[in-house]
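Chain by chain, the residues:
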Amino acid sequence: MRITQKTLYDYGELLPEICQASIDENLEFLLLLIAAKTDIERAYASQCNNYSVLVTCFEDEPDDYKIVPHDYQL
């Protein structure tokens, strides 16, 4: 379970990233971003722009994400 990459996406960056993942036909990453965007919208509604998604990629495990406030630092 070795981490290969961590990326922080602002809420506003998710839709362009979803579009790019669909163009690249990266289904696993596409579904992960859609799930993250949906979770932020359900949990924080009108305050979505105050949150980001931390995507963690693993060498031999499925990628994971966490919703973090904007004051979060890697």
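Our structure is the block above this text.
The paragraphs below set out a description of the structure included in this document. Within each chain, residue numbers correspond to sequence positions counted from 1 in written order. Restriction of local features to residues with pLDDT of at least 70 applies here, the model being predicted, together with a cutoff of 80 or more for giving and counting side-chain atom pairs; totals for whole chains, interfaces and linings are based on all residues. Heavy atoms from the whole structure form the basis of all side-chain values; hydrogens and water molecules are not counted.

1. Some remarks on a nonpolar patch on the surface
Move 1: By definition, no residue in a patch forms a salt bridge, and every one has over 30% relative accessible area; like charges are joined within 9 Å, nonpolar side chains (Val, Leu, Ile, Met, Phe, Trp, Tyr) within 5 Å. Note on areas: Shrake-Rupley with a 1.4 Å probe; residue coverage comes only from the protein chains shown. For this document, the term salt bridge refers to a Lys or Arg side-chain nitrogen within 4 Å of an Asp or Glu carboxyl oxygen. A cluster of nonpolar residues, Leu27, Leu31 and Ile34, forms a patch on the protein surface that exposes about 280 Å² of accessible area.
Move 2: Helical segments are the DSSP runs of H or I of at least four residues, strand segments are the runs of E of at least two, and each set is numbered from the N terminus. Assignment of secondary structure puts Ile34 in helix H2 (residues 27-44).
Move 3: The cut-offs for exposure are 20% and 50% of the maximum accessible area for each residue type, with area from a 1.4 Å probe on protein chains only; residues under the lower value are buried, those over the upper are exposed, and the others partly exposed. Judged by its relative accessible area of 36%, Ile34 falls in the partly exposed class.

2. Thoughts on the pattern of salt bridges
Move 1: Counted by the stated rule, this structure contains three salt bridges.
Move 2: Put simply, Arg2 and Glu59 hold a salt bridge, and the shortest N to O gap is 2.6 Å. Of this pair, Arg2 sits in the segment before strand S1 (3-10) while Glu59 is found in the loop between strand S2 (51-58) and strand S3 (64-69), placing the two residues 57 residues apart along the sequence. We note that Arg2, like Glu59, is exposed.

3. Here's the deal with the packing of helix H1 (residues 11-23) against H2
Move 1: In contact at an axis separation of 9 Å, H1 and H2 are set at 155° when each is read in the N-to-C sense. Relative to H2, H1 is oriented roughly antiparallel. The chirality of how H1 crosses H2 is left-handed. Side by side, H1 and H2 meet where Tyr11, Leu14, Leu15, Glu17, Ile18, Ala21 and Ser22 of the first sit next to Phe29, Leu30, Leu33, Ile34, Lys37, Ile40 and Glu41 of the second.
Move 2: Tallied by class, the residues present in the contact of H1 with H2 amount to ten nonpolar, one polar and three charged. What counts as an axis is a line fitted to C-alpha atoms, over the stretch in contact for a helix, and the angles between N-to-C directions run from 0 to 180 degrees. Under this scheme an angle from 65 to 115 degrees is roughly perpendicular, one under 35 degrees roughly parallel, and one over 145 degrees roughly antiparallel; angles in between are oblique. Definitions for this section: a left-handed crossing has its near helix turned counterclockwise from the far helix by less than a right angle. A right-handed crossing has that turn clockwise. Contact between two residues is taken to exist if any of their heavy atoms lie within 4.5 Å; hydrogens are not considered. Amino acids outside the nonpolar list (Ala, Val, Leu, Ile, Met, Phe, Trp, Tyr, Cys, Pro) and the charged list (Asp, Glu, Lys, Arg) are all regarded as polar, and Gly is one of them.

4. Points about H2
Move 1: With 18 residues, H2 extends 26 Å between its outermost C-alpha atoms, agreeing within 8% with the 26 Å of an ideal straight helix rising 1.5 Å per residue.
Move 2: Buried residues of H2: Phe29, Leu30, Leu32, Leu33, Ala36, Lys37 and Ile40, and no others. Considered in projection along H2, the buried side chains sweep an arc of 165° and stay on one side of the axis. Exposed positions of H2 whose direction lies more than 90 degrees from the buried face are Leu27, Glu28, Leu31 and Arg42.
Move 3: In this structure, the buried residues of H2 make contact with S1, H1, S2 and S3.
Move 4: Just downstream of H2, Ala45 is the residue with a positive phi angle, here 40°. Under the convention used throughout, the expected extent of a helix is 1.5 Å for every residue step, that is, one less than its residue count. Directions from the helix axis toward the C-beta atoms define the arc.

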